[in-house]
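# Inside the fold
Here are the chains, one letter per residue:
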Amino acid sequence: MSRGLGDVYKRQLPSLLVTFLNGLLAAFSQSYVTVLGIYYKLQTFLYLPANGIVQGMRPLVGYNYGAREHGRVARLYNLTLSLSAAIMAVGTVLCLTISGSLIGLFSSNPETIAIGTTALRIICLGFVVSAVSTTSSGALEGLGKGTQSLVISLCRYIVFIMPLAWVLCRQFGPVGVWNAFWATEVLSAIVSLIVYKKSV
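Because the structure is predicted, anything quoted here is derived from the model rather than measured.

### Quick look at unusual backbone geometry
For Arg68, which is not glycine, the phi torsion reads 60 degrees and is therefore positive. Mapping Arg68 onto the fold places it in the loop between helix 2 (30-66) and helix 3 (70-97).

Structure below.
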C-alpha cells in the first residue's frame, strides 16, 4: 500500500471512532457526548507537539535506513519515543491534577465538568504508553512501510477500542468507554512493538 493511500485511510479513522463512541454515549446523556468532544479538543494540544516530533523523525529514519545505518535508526526511534513519552507524561500530570479546570475552559455546566473530570483522569492513564504506537507508526511510515503503519492505526481506532468500548459500556456504563481508551493504548503498544521489530 502506498504511503499516500495509507495516510488517507488513517485520517478517516478518528472520525469513524468519534461517531461510534458518540452513539454509545448518547444513550446515557448528551453531557457525555459533550465531554468526548471536549476531550478531543484538549487532546489536540497534547498530541500536536508529540506528532510534530514524530513527523520530524520520519525523513531521518528513512534516510538512515536507506544508508544501512541501522544503529542510527534505532537511536532516532528511541529518542523520539523518549521525547513523545515525556510530553505525554506532562499531559498525564495535568489531567490528573487540574482536570476540572481544563474542562472548565470549554464548559461552565457543573454536570459536564464533573463528568469530564472523571473522564480525563481515566483516559490519561494511557497517554504515556500511546507514545509507543505513535512513534512506531511514524517510523514505519518513514521506512515506506505504509501497510504496517496502517495496522497500528487500525488497532488504535477500530480493532481494540470499538469492541472494548461496546463491552465495557454495557458492563460499567459511560465509565467503561473512558477505560476503553487506556486499555486500547496498552494493547496497541504491544502490537506496535511486535510489528515494528518484525518490519525493521
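### A word on the environment of Phe127
Structurally, Phe127 is set in helix 6 (residues 127-142). For the pair formed by Phe127 and Gln43, sequence separation is 84 residues and the distance between their alpha carbons is 9.8 Å. The contact partners of Phe127, leaving out residues within four places of it in the chain, are Tyr39, Leu46, Tyr47, Met88, Gly91, Thr92 and Cys95.

### Focus on helix 5 (residues 110-123)
With 14 residues, helix 5 extends 20 Å from end C-alpha to end C-alpha; this agrees with the ideal 20 Å at 1.5 Å per step. Those residues of helix 5 that fall on the buried side of the exposure criterion are Thr112, Ile115, Gly116, Thr117, Ala119, Leu120, Ile122 and Ile123. The inward-facing, buried residues of helix 5 contact helix 2, helix 3, helix 4 (99-104), helix 6 and helix 9 (174-199). Backbone nitrogen of Glu111 and a side-chain oxygen of the N-cap are separated by 2.8 Å at the start of helix 5; the cap is Asn109.

### Thoughts on the side chain of Thr117
Relative to the helices and strands, Thr117 resides in helix 5. Overall, Thr117 belongs to the buried group, its relative accessible area being 13%. Only 2.7 Å separates the side chain of Thr117 from the backbone oxygen of Ile113, close enough to count as a polar contact.

### Considering the packing of aromatic side chains
For any two aromatic rings, the description comes down to two numbers: the centre-to-centre distance and the angle of the planes. Tallied over the entire structure, the rule returns 6 aromatic pairs. The interplanar angle of 70 degrees and the centroid separation of 6.4 Å between the aromatic rings of Phe28 and Tyr32 together place this pair among those described as edge-to-face. Of the residues examined, Phe28 reaches a relative accessible area of 40% and is grouped as partly exposed. Aromatic rings pair up to connect Tyr39, Tyr40 and Phe181 into one cluster.

### Topic: the packing of helix 2 against helix 3
Two elements in contact, helix 2 and helix 3, have axes whose closest approach is 9 Å; the angle formed by their N-to-C orientations is 180 degrees. Taken as axis vectors, helix 2 and helix 3 run roughly antiparallel relative to one another. In contact with Leu46, Tyr47, Pro49, Ala50, Ile53, Val54, Met57, Leu60, Val61, Asn64 and Tyr65 of helix 2, helix 3 contributes His70, Arg72, Val73, Leu76, Tyr77, Thr80, Leu83, Ser84, Ile87, Met88 and Gly91.

Analysis parameters
Starting from 1, residues in each chain are numbered consecutively following that chain's sequence as written. In keeping with the predicted nature of the model, local features appear solely for residues at pLDDT of at least 70, side-chain atom pairs appear and are counted solely at 80 or more, and the whole-chain, interface and lining totals rest on all residues. Only hydrogens and water are set aside when side-chain values are computed; all heavy atoms of the structure are taken into account. Strands here mean DSSP runs of E at least two residues long; helices mean DSSP runs of H or I at least four residues long; both are numbered from the N terminus. Whether two residues touch is decided by their heavy atoms; if any such pair falls within 4.5 Å, the residues are in contact. Expected span, for any helix, means 1.5 Å times one less than how many residues it has. The buried label goes to any residue with under 20% of its type's maximum accessible area, the exposed label to any with over 50%, and the partly exposed label to all in between, with areas taken from a 1.4 Å probe on protein chains only. Counting of polar contacts relies on pairs of N or O atoms within 3.5 Å, with two restrictions inside protein: one atom must be capable of donating a hydrogen and the other of accepting it, and residues adjacent in sequence are counted only when both atoms are side-chain atoms. For Phe, Tyr and Trp, rings pair up if their centres lie within 6.5 Å, where Trp contributes its six-membered ring, and each pair is then called stacked (planes under 30 degrees apart), edge-to-face (over 60) or tilted (otherwise). Interaxial angle, 0 to 180 degrees, is taken between N-to-C directions of lines fitted to C-alpha atoms, where a helix line uses only the stretch in contact. Each angle receives one of four descriptions, namely roughly parallel if under 35 degrees, roughly antiparallel if over 145, roughly perpendicular if within 65 to 115, and oblique otherwise.

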